[in-house]
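A closer look at the structure
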Amino acid sequence: MSSSVPLLCLPLFPGSDSISIEDGVFSWSRNDTPSLKRLSVHVPDGSLVAVVGHVGSGKSSLLSALLGEMEKLEGSVSVKGSVAYVPQQAWIQNATLKDNIVFGQERKESWYHRVVEACALLPDLEILPAGDGTEIGEKGVNLSGGQKQRVSLARAVYCDCAVYLLDDPLSAVDAHVGKHIFEKVVGPQGVLKDRVRGRNPKTEGRVYNRDVFWCVC
Ligand SMILES: Nc1ncnc2c1ncn2[C@@H]1O[C@H](COP(=O)(O)OP(=O)(O)OP(=O)(O)O)[C@@H](O)[C@H]1O
Ligand SMILES: [Mg+2]
């Protein structure tokens, strides 16, 4: 990919960059030919960015480059603050559904319930035999693809980070569920916005108070 992958950047507030890549050249291993070339990306604080491109064009690779999972052959990469990453392939631990979301972090019940609702998991909890106490088998064997994806997203939202890298997070959900998640998680009224607004009076009034970097096909 590359600089030729269309990058739609919607900076809502001017300021410093939360994510930047300057003249980046990246490969999957030191001796490989570069997969990402001449890449410059600047994501201002408080932006929602969509990366759009053909299958195999390098959208997931771009996120891997930001996460330091690719070899950086040239250029510089900077990501400010804590990062939550939702990979394209959702992963699930052999644990209860709730433990898959809380994932060892502090238990905050009201926040947990808001996250579960925002990620459209309430109908799933009604179906599962023991609700959120249901043991999820190896690799999420007793969850559908959409359920795994929603749990994976909920884990990231629950952890309350500064930068969100979401790789095709709605690919396995129905259109109406995708709309619900977009509005309740990522959108201007989503829980990510509310979460920070409630805790940081300095950012009150912003539409997006953190960076959401959203990768779509
Ligand atoms: N872990 C990896 N190791 C080596 N090569 C990889 C790895 N991940 C991706 N690639 C290669 O990088 C190129 C871009 O793949 P990538 O997964 O970034 O595309 P994508 O735009 O996310 O595709 P899709 O729309 O299918 O998700 C492909 O040629 C792919 O084979
Ligand atoms: Mg991909």
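Quick look at the structure, then. Just so it is clear, the structure is predicted and the values come from calculations on it, not from any experiment. For every chain, the first residue of the written sequence is number 1, and numbering continues from 1 onward in sequence order. Chains carry letters and ligands carry numbers; both start at the beginning, A for chains and 1 for ligands, and go up in the order they are written. Side-chain atom pairs in this predicted model are given and counted only at pLDDT of 80 or more, local residue features only at pLDDT of at least 70, and totals for whole chains, interfaces and linings cover all residues. The side-chain quantities take in all heavy atoms of the structure and omit both hydrogens and water.

In terms of helices and strands, the protein chain carries seven helices and eight strands. Exposure classes here rest on a 1.4 Å probe applied to the protein chains alone. A residue is buried below 20% of its type maximum, exposed above 50%, and partly exposed in between. Looking at the protein chain as a whole, 49% of its 217 residues are labelled buried. Working rule for contacts: check all heavy atoms of both residues, and any pair within 4.5 Å makes them a contact. When contacts within the protein chain are restricted to residue pairs at least 6 apart in sequence, those whose partners lie at least 24 apart make up 73%. We get accessible surface area from the Shrake-Rupley algorithm with a probe of 1.4 Å; when it comes to residues, only the shown protein chains can shield them. In the structure as shown, the protein chain presents an accessible area of about 10500 Å², 53% of it carried by carbon and sulfur atoms. Secondary structure elements follow DSSP: runs of H or I no shorter than four residues count as helices, runs of E no shorter than two count as strands, and numbering proceeds from the N terminus.

Attention shifts here to the sheet that holds strand β2 (residues 17–27). Spatial strand order, β3-β2-β5: three strands in an open sheet with antiparallel pairing. The sheet terminates laterally at β3 (36–44) and β5 (71–79), the two strands that pair on one side only. With direction set aside, neighbouring strand axes in the sheet form an average angle of 5°. Two strands pair under a simple rule: DSSP has to find at least two bridges between them. To obtain each axis, a line is fitted to C-alpha atoms, and for helices this fit is confined to the stretch in contact; angles are then taken between N-to-C directions over 0 to 180 degrees.

Here the focus is the site of ligand 1. By nearness alone, eleven residues border ligand 1, and Gly56, Lys59, Ser60, Ser61 and Gln88 come closest of all. Side-chain polar atom of Trp28 to a nitrogen atom of ligand 1: 3.3 Å apart, as the coordinates give it. At 2.5 Å, a side-chain N or O of Ser61 approaches an oxygen atom of ligand 1. Note on residue categories: nonpolar means Ala, Val, Leu, Ile, Met, Phe, Trp, Tyr, Cys or Pro, charged means Asp, Glu, Lys or Arg, and polar means any other residue, Gly included. When grouped by side-chain class, the residues that make up the shell around ligand 1 number three nonpolar, seven polar and one charged. Nearness of a residue to a molecule or strand requires only that one of the residue's heavy atoms be within 4 Å of it. Pairing of N or O atoms within 3.5 Å defines a polar contact, subject to two protein rules: one partner must be a possible hydrogen donor and the other a possible acceptor, and residues neighboring in sequence count only if both atoms are side-chain atoms.

By themselves these figures say nothing about function.
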